[in-house]
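Remarks on the overall topology
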Amino acid sequence: MTESDVESLLRRPDIAAIEADNFPKHTPLKGVLLNDTRIVRFRAGDIVVREGDYGNSAFLVLEGSLRVVLAPELPQSLLGRQQTGKKGFFEALSQLWTNSTVPEVRDISRYQGQGLRGGSDSANARVFLQDVPAVLDRHRTAKLEDGALFGELAALGRVPRTATIFAEQEATLLEIRWQGLRELRKYDEGWRRMIDQRYRENALKTHLQESIMFSRLDENALQSVVDKVLFETYGAFDWNVAFQKQRQSGNAKEPVIARQGEYPDGVLMIRAGFARVSVKHGNGERTLTYLGAGDHFGLGELYAAWKNPDIPDIALYTTLTALGYVDVIRVPAPILEEHVFPFMEQPTSTTMDIASKPVADDAMMEWAVEERFINATRSMVIDLERCVRCDDCVRACASTHGGNPRFRRHGRTFDNIMVANACMHCADPVCMIGCPTGAIHRTVETGIVVINDLTCIGCATCANSCPYNNIAMVAIRTKDGHTIADPNTGKPIFKATKCDFCDSNPGGPACVRACPYGALRRVHFREFNPAGAG
């Protein structure tokens, strides 16, 4: 973005309508446009965003037209994603003798016809639809034209994008990073009203209905709640960058969302991200548990205050802090007292109950929170007292991936437990943010995070984003061992690789099945019981 680009933007009616005088001197509107936006051009058929992708930016249409795919969804293959399917018994068995002794062999003829253009340049690489008229004939779509804004809810709420949008003809878009979007919402009343209104209309009601607290409300009562709740975000969207620095420096900084001893003015519902629940312990804090999407905070205290109005000085029992980026919905106490508390039973588990546990029981939880392993849905955990270092797990992994192991039997340890360097298939997959072709994605069937080798351009965006260093970049080779080079640049071609949880193999992850001593498990840390390992 150049100064002249900014001046040109400021002459557009939708940008000129932003009240620049409301922006503070340290964050002027021109600065936001200069540093947190960029102009991106798409050709006809280029996919701009894919349903299910995670993104950290929104888009404003400056010129041209785009299409939102409404129904049916585009096939995964057209989106540049991997086509999943389980291998047959004999196909799986044949891997034992068909694997190459040369590492990372690829058949480059398979890379042709993938609807990919732009080469390895991450700024210009695009997956494109090769037959736009056919797509328009077979799928119901809606048109987006000059002045349309999209992607803001996914960018601010850290939730997957809800639709696929492609360029119907050549289009010029203004891409706004989440930081810029946050400042526009913060300092301009028009943008704040527009974003909040869209959120209430498109996402909030559905989210509330998924909570047992609001599932019984009729339409009118639910709308009353929707109109009164507040939206809050804490921490940085790119928390993975800060976390990696924190690991090196040892300095942790967690924004406080609610503090122990304060008056609870509402229930906090976690919509995305993670938060730590802690209580004062000596001169420090003791971690009791963590909250993720769908959890809530402060309900027990508020219900007790409503049930026992004569009790003075109701206060929060614990402190809630943001672990990275957290998207929170605050439901005011009067709303709960009117629509929820009269019809609900007393909460059965509160933070007071958790605080009554012995401090020693928290040690594993404290470690998992500090290391952010709470993000894992399928962490590879090895009991070092059972493991005899036979490496059968590594060999089994290699056998199912063309002779190439997709994890390292090495990692951080706590007592006899080691979390190995293997993709954890995170609840908050920061690796998926910024992939220019959508090659890294969740499978529709299982939610496993996989990489489509055919549309990976080797830009390493995912590998650099992974906070746990669980994605490797490898140079690909021919069967005779020669490194394959890009014909345009002459440089070796790299691909991102990682554990795919043996998604295409029958029987689940080979590493688990190969361990003769039951030392290796794939676990969700919230449900992990170290004593039950194996």
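Here's what I pulled together on the structure shown here.

Rules and cut-offs
- Residues numbered from 1 in each chain as written.
- Predicted model: local features only at pLDDT ≥ 70, side-chain atom pairs only at ≥ 80, totals over all residues.
- Heavy atoms only, no water.
- Helix = DSSP H or I, 4+ residues; strand = E, 2+ residues; numbered from the N terminus.
- Rg over C-alpha atoms; globule rule 2.2 N^0.38 Å.
- Buried < 20%, exposed > 50% of the residue type's maximum accessible area, 1.4 Å probe, protein only.
- Contact = heavy atoms within 4.5 Å.
- Areas by Shrake-Rupley, 256 points an atom, 1.4 Å probe, with all protein chains shown as cover.
- Lys, Arg positive; Asp, Glu negative; His and termini not counted.
- Charge placed at Lys NZ, Arg CZ, Asp CG, Glu CD.
- Arc of directions from axis to C-beta.
- Salt bridge = Lys/Arg side-chain N within 4 Å of Asp/Glu carboxyl O.
- 1 Å grid on protein atoms, 1.4 Å probe; cavity = no way out; pocket = protein on both sides within 12 Å on 5 of 7 lines; lining within 4 Å.
- Points joined across faces, edges and corners; volume = space filled by probe spheres on them.
- Nonpolar A, V, L, I, M, F, W, Y, C, P; charged D, E, K, R; others polar.
- Pairing = 2+ DSSP bridges.
- Polar contact = N/O pair within 3.5 Å; in protein donor to acceptor, adjacent residues only side chain to side chain.
- Axes fitted to C-alpha atoms, helices over the stretch in contact; angles between N-to-C directions.
- Core = buried A, V, L, I, M, F, W, Y, C linked by side-chain atoms within 4.5 Å.
- Expected span 1.5 Å × (residues − 1).
- Bend = angle between axes of the 7 residues up to and from the residue.

On to the overall build of the protein chain, then. Across its full length, the protein chain holds 17 helices and 24 strands. In terms of C-alpha radius of gyration, the protein chain reaches 25 Å, essentially the compact-globule figure of 24 Å for 534 residues. Dimensions along the principal axes, computed over C-alpha positions, put the protein chain at roughly 80 × 65 × 45 Å. Expressed as a percentage of its 534 residues, the buried residues of the protein chain come to 51%. Of all intrachain contacts in the protein chain linking residues separated by at least 6 positions in sequence, the fraction that spans at least 24 positions is 77%. On the protein chain, roughly 25500 Å² of surface is accessible, and the fraction owed to carbon and sulfur atoms is 49%. Positive and negative side-chain charges in the protein chain, numbering 62 and 66 respectively, have mean positions lying 5 Å apart.

Here the focus is helix α4 (residues 89–98). Side chains of residues three or four places apart in an α-helix project in the same direction, reflecting 3.6 residues per turn. Among all positions of α4, only Ala-92, Ser-94 and Gln-95 are buried. Take α4 and look down its axis: the buried residues cluster within an arc of 160 degrees, on one side only. Residues Phe-89, Phe-90, Leu-96 and Trp-97 are exposed on α4 and point more than 90 degrees away from its buried face. The inward-facing, buried residues of α4 contact α15 (392–399).

The next subject is the pattern of salt bridges. Inspection of the entire model under this criterion finds 31 salt bridges. Measuring nitrogen to oxygen at the nearest pair gives 3.6 Å for the salt bridge that ties Asp-383 to Arg-386. Among the residues examined, Asp-383 registers a relative accessible area of 7% and is labelled buried. For Arg-386, a relative accessible area of 36% gives the class partly exposed. Taken together, the shared-partner salt bridges connect Glu-104, Arg-106, Arg-406 and Asp-453 into one network.

Moving on to empty space enclosed by the protein. Scanning the model with the defined rule gives 5 cavities of 30 Å³ or more in all. Put simply, the largest cavity is a space of about 110 Å³. Around the largest cavity, the lining comprises 13 residues; the ones closest to its centre are Cys-423, Met-424, Cys-426, Cys-431 and Cys-466. Its residues placed into classes, the lining of the largest cavity shows 11 nonpolar, 2 polar and no charged.

Of the strand pairs in this sheet, strand β4 (residues 66–71) and strand β7 (residues 140–144) are connected by 5 bridges, and their pairing is antiparallel. The residue bridging Val-68 from the neighbouring strand is Ala-142, located in β7. Alignment of β4 against strand β9 (residues 164–167), held across 4 bridges, turns out to be antiparallel. Counted as the bridge partner of Val-69 is Thr-164 from β9.

Looking at the element boundaries, Arg-286 is found in strand β14 (residues 284–291). Of note is the side chain of Arg-286, whose polar atom sits 2.4 Å from the side chain of Asp-362. With near-sequence residues (within four places) excluded, Arg-286 lies in contact with Val-277, Ser-278, Val-279, His-281, Ile-354, Ala-355, Lys-357, Pro-358, Val-359, Asp-362 and Glu-366.

What follows covers the sheet that holds strand β2 (residues 47–49). Pairing is antiparallel in the open sheet, where 4 strands are placed in the order β2-β9-β4-β7. The open sheet has two edge strands, β2 and β7, and neither has a second partner. Mean inter-strand twist for the sheet, computed between neighbouring axes without regard to direction, equals 35 degrees.

This part covers the environment of Lys-25. Here Lys-25 is to be found in the loop between α2 (13–16) and α3 (29–36). As a C-alpha pair, Lys-25 and Pro-255 span 230 residues in sequence and 24 Å in three-dimensional space.

In this structure, Phe-373, Ile-440, Tyr-468, Ile-471 and Phe-525 are the most contacted members of the largest nonpolar core, which totals 42 residues. At the level of secondary structure, the elements contributing two or more residues to this core comprise α10 (239–249), β16 (319–332), α14 (363–370), β19 (417–421), β21 (449–451) and α16 (461–465). Residue contributions to this core peak at 5 residues, all from α14. Within the second largest apolar cluster, 27 residues are counted, among which are Tyr-199, Met-213, Leu-222 and Val-229.

Moving on to helix α8 (residues 189–209). With 21 residues, α8 should reach 30 Å at 1.5 Å per residue; the first-to-last C-alpha distance of 28 Å fits that figure. When the local axis directions of α8 are compared, the greatest deviation, roughly 45 degrees, occurs at Ala-203. Within the sequence span of α8, burial applies to Trp-191, Ile-195, Asp-196, Tyr-199, Arg-200, Ala-203, Leu-204, His-207 and Leu-208. Measuring from the side-chain oxygen of the N-cap residue of α8 to the backbone nitrogen of Gly-190 gives 3.2 Å; that N-cap residue is Asp-188.

Here we take up the sheet that holds strand β17 (residues 379–383). One open sheet holds the 4 strands; their spatial order is β18-β19-β17-β24, and the pairing between them is antiparallel. Of all the strands in the sheet, just β18 (408–414) and β24 (520–523) have a single pairing partner and so form its edges. Shown here is a sheet whose adjacent strand axes are inclined to one another by a mean of 40 degrees, direction ignored. With 5 bridges joining them, β18 and β19 adopt antiparallel strand pairing. The residue bridging Phe-414 from the neighbouring strand is Ile-417, located in β19.

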